[in-house]
Each structure stands twice: as structure tokens, then as C-alpha cells.
Amino acid sequence: MLKIKIAPSILSADLSHVNEEIKQIEKYANLIHVDIMDGIFVPPTTIGSDFAKTIKTKIPLDVHLMVHEPSNSYIKGFIDAGADSITIHEEACKNPFEQINFIKKNKINATISIKPNTPLEKIKKYLDAVDMVLVMTVEPGWAGQKFIESTMAKIKELRKLKPNMDIEVDGGINPYTARVAFDAGANVFVAGSSIFGEKDRVAAIREILNSLK
Ligand code: DX5
Ligand code: ZN
């Protein structure tokens, strides 16, 4: 069976104390999900690679670029900041192979992501080149939105095509929706508000894990 991975999203954490926030969940997280928004691909802007460099953790960073046409030097900033995996959006890049090849040349994992309304068809040609697929379960841009269940059809189809690949879900993930996504075939779970919005973050992660048993 594929390994279940929990990826708390620091978008919902207190970024003025990001390392303390991460410390609380470090033992129970498999990845730290870092959301980068450029104000173009999505309306909000968030942090950049200079901030990412200040994150101190042994847990691999899962950098989600909601960024229009990220250049090699832009991507390199996050690799230098310690990214273990970099996600680009199919909708944001003219030729995603350019970014995927650059990420892989730097010997870290490459992930391709699709928004809820983007068909799986659009990324079939990249599946052999990437390490993971991120199927967005909300429109990218904001934490705290409602899980879009119709995205599960893409996960079911993708799992059939790629029985051993990591399939990540992001958006509206809580113990209940994590189970729905798990049953469809997802094994990597990003969660922001359902972890950092709770006082007891460890209990929140445990609840997600318990729902997957
Ligand atoms: C949204 C981001 C998510 C966000 C998820 O565009 O990509 O990673 O942090 O937040 P929740 O878990 O609150 O939906
Ligand atoms: Zn994200």
C-alpha cells in the first residue's frame, strides 16, 4: 500500500512565528506545504523564497507554486531554500516540461497540479516525467474553502493509470473529506485550516490519520 503523507499548510499558521508553529507538528507531519501565490495566477500574494529560506525544519518542504510562468531562477530560489518538491500548475505554464525538466535536473521532486475544472487529459503527457500529481480540491488562492467533491472522478481515473504514484489533494481537507479523497485514491493530504485553525494541532492531525484507518 502507498504511504499516507500528511502535509500541513503553513498558509493558515502564524507566519510571524513560523518555526515555532512547525515545531508543534514536526513529529506528525511528512511534508510541510508552502503556498506561494503571485497575484497573477491567483489574486492574493504570499511569501517568496527569501521567507522560505527562514523555515528551519527537518521535514521536507512541499512548495506549491501558484505562479504564472515561473522562471528557472525563480524556481532555483526555492530549491536553495530547501524545497524537496516543487509543484507547478498546468494552467500557469506554456510548456510545463520546461519547469519539470529544470526541477528534475536539480534532483528534487517535481509535481504537476490541476485546478478543479481542468480535465485530467491536460496532464496525461506529463505523468511519466513527474513524481506526484496535485489534484486541487478547491480553486487555488485561499485557505478555508469547501472541498469540491466532483474532483474525485479525476483521482479515481489517475489512480487507475498510476497505481504507485503519489496523488496529493489540497483544499478543504478535514478528517471527513480526507477519507473521501483516500477512498478515491489519494495518499498525500494537504491541510491548512483544519490543522492550524485548531488549538491542538497534533490532535487535529491524529483525527485525519484516524479517519484513514
Ligand atoms: C489554497 C492552497 C492550500 C491552502 C489549503 O490555494 O493551495 O494549500 O492552504 O487550505 P485549507 O486546508 O484551509 O483548505
Ligand atoms: Zn497549496
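Residues numbered from 1 in each chain as written. Chains lettered and ligands numbered in written order. Predicted model: local features only at pLDDT ≥ 70, side-chain atom pairs only at ≥ 80, totals over all residues. Heavy atoms only, no water.

Caption draft 1: Focus on the coordination of the zinc ion (ligand 2). The coordination sphere of the zinc ion (ligand 2) contains the protein donors H33 (NE2), D35 (OD), H64 (ND1) and D170 (OD), at a distance range of 2.0 to 2.3 Å. Around the zinc ion (ligand 2), the 6 donor atoms are arranged such that angles at the metal cover 71 to 170 degrees; this shape is classified as octahedral. Of note, the zinc ion (ligand 2) draws all its donor residues from one chain, in the sequence arrangement H-x1-D-x28-H-x105-D. Placement of the pair is D35 in strand β2 (residues 32–37) and H64 in strand β3 (residues 61–66), with a sequence separation of 29 residues. Each member of the pair, D35 as well as H64, carries the same accessibility label: buried. (Donors = N, O, S within 2.8 Å, 3.2 Å for Na, K, Ca; no water. Tetrahedral: all angles 85-135°; square planar, octahedral: opposite > 155°, others 65-115°. Helix = DSSP H or I, 4+ residues; strand = E, 2+ residues; numbered from the N terminus. Buried < 20%, exposed > 50% of the residue type's maximum accessible area, 1.4 Å probe, protein only.)

Caption draft 2: Geometry of the site of ligand 1. Around ligand 1 sit 20 residues in total, of which D35, G141, D170, G192 and S193 are the nearest. Interatomic distance of 3.3 Å between a side-chain N/O atom of H33 and an oxygen atom of ligand 1. Residue G172 places a main-chain N or O atom 2.8 Å away from an oxygen atom belonging to ligand 1. Calculation on ligand 1 without its partners gives an accessible area of 380 Å², and the protein chains cover 100% of this total. Those elements that provide at least two residues to the shell around ligand 1 are β2, β3 and β8 (188–191). No other element matches the 3 residues that β2 contributes to the shell around ligand 1. Counted by class, the shell around ligand 1 contains 9 nonpolar, 9 polar and 2 charged residues. (Near = heavy atom within 4 Å. Polar contact = N/O pair within 3.5 Å; in protein donor to acceptor, adjacent residues only side chain to side chain. Areas by Shrake-Rupley, 256 points an atom, 1.4 Å probe, with all protein chains shown as cover. Nonpolar A, V, L, I, M, F, W, Y, C, P; charged D, E, K, R; others polar.)

Everything listed is a geometric property; what it means functionally is a separate question.
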